[in-house]
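# Tertiary structure, described
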Amino acid sequence: MRGVTAGSESVLELLPMVFADPGEARARAEHLLHTGPPPLHASVAHQVLGIWQRDFGDLRIALRHLRRARDLAARAESAEREADVLATLGVALVHAGRTRQGLASFEQGVARGSGHTRARVRYRRAYVWWVLGHHREALEDVRRALPALRQAGDGIWTARALTLRATVHLALGAVDRAVADFTAAERLWDTTGQEHDKADAVESRGLAAFRSGDIPAALRLLDEAEERYAKLGTPTFMLSVRRCEVLMAAGLAPEALAEADTAIALLDRIGGQSTRKAELLLAAAHAARSAGKPDIATDRAAHAVRLFARQRRTWWETHARLVLTEARAAAGPGSGRLVADAARVAERLASFGSPAAPEASLLAGRIALTLGRTADAERHLAAAARSRHSGPPRARVTGWVAQALRARAAGSGRGVLQACRHGLGVLDDHRMTLGASELRARATAQGAELAALAQEVSLAHGGPRRLLEWSERWRATVLAAPPARPPADPALLGGITAYREIAARAEEARMEGRPVPALEREQRRLEREIRSRTHHMRGDAPGDGDRFDAARLLARLGDARLVELAVVDGRVHILLCGQGRVRRFAGGALAEAVAEAEHVQAGLRRLAHPGGEARLPLVEAAGRRLEELLLGGAAAHLGSGPVVIVPPGALHRVPWALLPALRERVLSVSPSAGSWLRARETAPPRGGRHVLVRGPGLATGGAEVPELAGRYGAATVLEGPAAQVPRVLEHLDGAALAHLAAHGTFRADSPLFSALRMADGPLIVHDFERLARSPYRIILSSCDTARLASVGADELLGLVTALLPLGTAGVVASSAPVNDAAVVPLMLALHKGLDAGLSLAESLRDARATQPGDAVHQATGWAFAAFGAA
């Protein structure tokens, strides 16, 4: 088949061009049709336009073009041309949900073609078998196609076949085989100009990295693939499906749900592939379930089940039924029908060789346990537990959860703890492959059930010390090691600088009453880019980390008391550590304490302004109720020395100095006993440099800073134009003491973009993470600087927790809005204590005592807390 266009290029070159440069191929095909070509050439042009519309546009238009291409090939009496078009048409029909017609088209294509052409037809039928979830048939067609493709020296189609075989291997859990095929395919792609296929190869490597447990590499490769697709101007629906899977594994379920819903809306708008829509609905359902939205999960999963059934895609339909059953189980009480549904799904998934089979067995066993059907539960849990020794981290954790539930049902506390220890060990190794603190924190959610089971057993069968050890085992793990820092990543540094500039311009526009939507859109885009790049970082710390040692804690406490609040089954248990032992006291319901803390926060906000004095008795009464709920009988056994409070993430906003038993004490707060120990054992830097920073826009102008500058003499003072982020960071690095008087902004939606306002824009948490060593002591004298977001199992993200792993041993910050004028005397009194050699906690205790007795000054003192041990 030879034919030449007006540009003296073979018409057949348009077919490979549609994957190398889709836009150019489309334009040339349309131009060719305007020249009145012969049937053979017109067939090629219509096939090119059909492929473009099939993959990047409207399937209805694609089918019209491909049927026209088939008819023209028949008129040209070219059996090879007709076979090739029949294969392309078969793919389009399957993507349109017309599975039977699509497979019939392939049968005709195999019969009409021969040799090299027939091999290409078989490759495309293998692709369709993969789409339909018929993996054995897909592997058989690839096996028969590859020798003919290689013999013909067809590097492009050989690479495609290898890529497809690798993708099928991944679906079956054969990661090593997949990696070998991907590697061989990439070597071939390097010899071609097929840019779209090269992008697909990068995307496939991202999927392989994910299946191997390397989430940072997976995110990096998927982002690289997206950039390649964007340059070609092609939509990326399959990429969205894969990225959703990786985002969910990284603990970013809300982001995965947003990605899937956006892609579904775009697909509907352009009339795209029904098969892709079903896969995106499944991804959205999975994400919604992980995000704790069972109603949305049920809706999306049910829709996906209907589409997959209509498309005759049993493998996919069964996976959608798993998510649908999980969502229904999460939305209401268990039932015998749900057990049967989950068991049926598990059996079918196992027959497919799907790695998701243990999840379905675990679900069936869990529901059976709640119904008291112990024999059924044991059978299903035993099946799920077989995955605990092999496979990706998620599958192994599923197996260990099942094993722990089996042991609990059998009354073996020792067996529960052993399973929990192994399961959390798997997650430790996985978590520490992540470099970004956000991903490390969110990854802990996968271990929440194991940690809760261990605490439950420790409470029932162990002493207080064992409960303390298990409470620490999976708490504030993100603080155990510094996040990875990529100082050599110019794109990340450039993105942070651009973000700061845009944020500053947006703030200026708001103050001047000018519209800011365009600036806010650009700010959000840069936030997404920065988060994406930080997620690419790999961790380099060992998984076993610094294990908590209760004996070491008790030895280091001296005359201090540490109060760790453990939550088991919704109740607070007070673990009082000191005098060489751990004692347990009963507290109240966690939900009541959280509600009371919110009332207190509302009261403190009102007291920060003159005229709110009437709220003071209500706030003090709430403080007494919080003491009953959170200290209980332990309040009478705190001794006379310092007290360290270690609350769960849900209670991080409690103003502990408000509680009557703690008001006159040297009091500090820590996210975990382990992080307090690390702070206690952190040595101050040599040199003792002091840094004072005054940001713009404070009501008092940061009036304490000039006085402190006079007190410290040799301190570095950064204010006005000098208080720009790069210079501030330069001086903060390794300082002994830093005082930052700057407006604070807490971002609950994205806590690592919480910020302090400097002269050139926001100083964000990501900036602090670039420090080689953050200041030994740091005082943040503005509003909300101690606010944190609770994520994962029991992790906290925000300014304070960003500093603690980087060398900071003590922080003073506020968890509520404060009165700027009342802050000034409090800060001056605080520094007076530091100048006399006291710790941050001692200085803050004494500073509160020196303040006027009015409501505004009292509320300001209560809002501030000392964190750490310096």
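Before any of the text, the structure's been laid out above.
Okay, so let's go over this structure. Quick caveat: nothing in here was measured; it's all calculated off a predicted structure.

## Notes on the packing of helix H29 (residues 590-607) against helix H30 (residues 616-630)
Where H29 meets H30, the closest approach of the two axes is 9 Å, and the angle between their N-to-C directions is 155 degrees. By the angle class used here, H29 and H30 are roughly antiparallel. The hand of the H29/H30 crossing is left-handed. Judged by residue contacts, Glu592, Ala593, Glu596, Ala597, Val600, Gly603, Leu604 and Leu607 of H29 engage Leu616, Val619, Ala622, Arg625, Leu626, Leu629 and Leu630 from H30. Taken together, the residues of the contact of H29 with H30 sort by class into 11 nonpolar, 1 polar and 3 charged.

## Regarding unusual backbone geometry
Positive phi, normally seen in glycine, also occurs at Asp569, with a value near 55 degrees. Relative to the helices and strands, Asp569 is located in the loop between strand S1 (561-568) and strand S2 (571-578). With relative accessibility at 77%, the residue Asp569 sits in the exposed group. One non-glycine residue, Gln579, lies in positive phi territory at about 55 degrees. Looking at where Gln579 falls in the secondary structure, it is placed in the loop between S2 and strand S3 (581-589).

## Quick notes on the pairing of strand S8 (residues 737-741)
S8 sits mainly inside the fold: 5 of its 5 residues count as buried. Note that S8 and strand S12 (residues 777-780) share 4 bridges and pair parallel. Bridging from a neighbouring strand, Leu740 pairs with Leu780 of S12.

## Notes on helix H8 (residues 135-151)
With 17 residues, H8 ought to run about 24 Å at 1.5 Å a step, and its terminal C-alpha atoms sit 25 Å apart, in line with that. Along its length, H8 reaches its greatest deviation from straightness, about 30 degrees, at Ala145, and the proline Pro147 lies no more than four positions downstream. Buried residues of H8: His135, Ala138, Asp141, Val142, Ala145, Leu146 and Leu149, and no others. The inward-facing, buried residues of H8 abut helix H7 (115-132), helix H9 (155-171) and helix H17 (314-331). One or two positions beyond H8, positive phi appears at Gly153, with a value near 70 degrees.

## Topic: helix H36 (residues 820-835)
Here H36 spans 23 Å end to end across 16 residues, near enough to the 22 Å set by a 1.5 Å rise per residue. Where burial is concerned, most of H36 is hidden: 12 out of the 16 residues are buried. Looking only at H36, the buried set comprises Asp820, Ala822, Val823, Val824, Leu826, Met827, Leu828, Ala829, Leu830, His831, Gly833 and Leu834. For H36, the N-terminal capping position is held by Asn819, with its side-chain oxygen 3.0 Å away from the main-chain nitrogen of Ala821.

## Examining the pattern of salt bridges
Under the defined criterion, the tally for this structure stands at 61 salt bridges. The salt bridge involving Arg510 is made with Glu520; its shortest N-O contact spans 3.2 Å. With a gap of 10 residues between them, Arg510 in helix H26 (residues 490-511) and Glu520 in helix H27 (residues 517-535) connect regions that are remote in the sequence. Of the residues examined, Arg510 reaches a relative accessible area of 39% and is grouped as partly exposed.

## Thoughts on the packing of aromatic side chains
Under the definition given, this model contains 6 aromatic pairs. On the numbers, 5.9 Å between centres and 75 degrees between planes, the contact of Trp52 with Phe56 is edge-to-face. In this pair, Trp52 and Phe56 both sit in helix H3 (residues 39-56), 4 residues apart, roughly one turn of the helix. No difference in accessibility class separates Trp52 from Phe56, as the two residues are buried. Clustering of aromatic rings is evident, with ring pairs tying together Phe308, Trp315 and Trp316.

## Brief notes about the packing of H26 against H27
In helix packing, the relevant descriptors are the interaxial angle and the interaxial distance, both defined with respect to the helix axes. Two elements in contact, H26 and H27, have axes separated by 9 Å at closest approach and are oriented at 155 degrees. In terms of axis orientation, H26 runs roughly antiparallel to H27. In the crossing of H26 with H27, the sense of the turn from one axis to the other is left-handed. Where H26 abuts H27, its residues Ala491, Leu492, Gly495, Ile496, Ala498, Tyr499, Ile502, Ala503, Arg505, Ala506, Ala509 and Arg510 lie against Leu519, Glu520, Glu522, Gln523, Leu526, Glu527, Glu529, Ile530, Arg533 and Thr534. Residue classes in the contact of H26 with H27 are distributed as 12 nonpolar, 3 polar and 7 charged.

## Comments concerning the environment of Glu520
The class for Glu520 is partly exposed, based on a relative accessible area of 26%. Distance in space between the C-alpha atoms of Glu520 and Arg505 is 9.7 Å, their sequence separation being 15 residues.

## Overview of the nonpolar core
Counting residues in hydrophobic clusters, the biggest one holds 104 residues, and the most contacted among them are Leu630, Trp656, Leu740 and Phe768. Of the residues forming this core, the biggest block, 8 residues, is contributed by H36. In contact with Trp656, other than residues within four places in its own chain, are Leu565, Leu630, Ile645, Pro647, Leu651, Leu662, Leu667 and Val669.

What counts, and at which threshold
- Each residue is numbered by its place in its chain's sequence as written, counting from 1.
- The predicted origin of the model limits local features to residues at a pLDDT of at least 70 and limits the giving and counting of side-chain atom pairs to 80 or more, whereas totals for whole chains, interfaces and linings rest on all residues.
- Values shown for side chains rest on all heavy atoms present in the structure; no hydrogens or waters enter the calculation.
- With axes taken as lines fitted to C-alpha atoms, and helix axes fitted only over the stretch in contact, angles between N-to-C directions fall between 0 and 180 degrees.
- A run of H or I in DSSP counts as a helix once it spans at least four residues, and a run of E counts as a strand once it spans at least two, with each numbered from the N terminus.
- Angles below 35 degrees are treated as roughly parallel, those above 145 as roughly antiparallel, those between 65 and 115 as roughly perpendicular, and all remaining angles as oblique.
- In this scheme the handedness of a crossing depends on how the near helix is turned from the far one: anticlockwise by less than a right angle means left-handed, clockwise means right-handed.
- It only takes one pair of heavy atoms within 4.5 Å for two residues to be counted as in contact.
- Residues are grouped as follows: nonpolar covers Ala, Val, Leu, Ile, Met, Phe, Trp, Tyr, Cys and Pro; charged covers Asp, Glu, Lys and Arg; every other residue, Gly included, is treated as polar.
- Buried means the residue's accessible area, taken with a 1.4 Å probe over protein chains only, is under 20% of the maximum for its type, while exposed means over 50%, and partly exposed covers the values in between.
- Any two strands are treated as partners once DSSP identifies two or more bridges connecting them.
- An expected span of 1.5 Å times one less than the residue number is assigned to each helix.
- Values of bend correspond, residue by residue, to the angle between axes fitted over the seven residues ending at that residue and the seven starting there.
- Throughout this description, a polar contact denotes any pair of N or O atoms lying within 3.5 Å of each other; where both atoms belong to protein, one of them has to be capable of donating a hydrogen while the other can accept it, and for residues adjacent in sequence the pair is counted only when both atoms sit in side chains.
- Salt bridge, as applied in this entry: a Lys or Arg side-chain nitrogen positioned within 4 Å of an Asp or Glu carboxyl oxygen.
- Only rings of Phe, Tyr and Trp enter the pairing, Trp through its six-membered ring, and a pair is recorded when the two centres are within 6.5 Å. The plane angle decides the type: under 30 degrees is stacked, over 60 is edge-to-face, the rest tilted.
- Nine residue types can take part in a nonpolar core, namely buried Ala, Val, Leu, Ile, Met, Phe, Trp, Tyr and Cys, and a core is a set of them joined through side-chain atoms within 4.5 Å.

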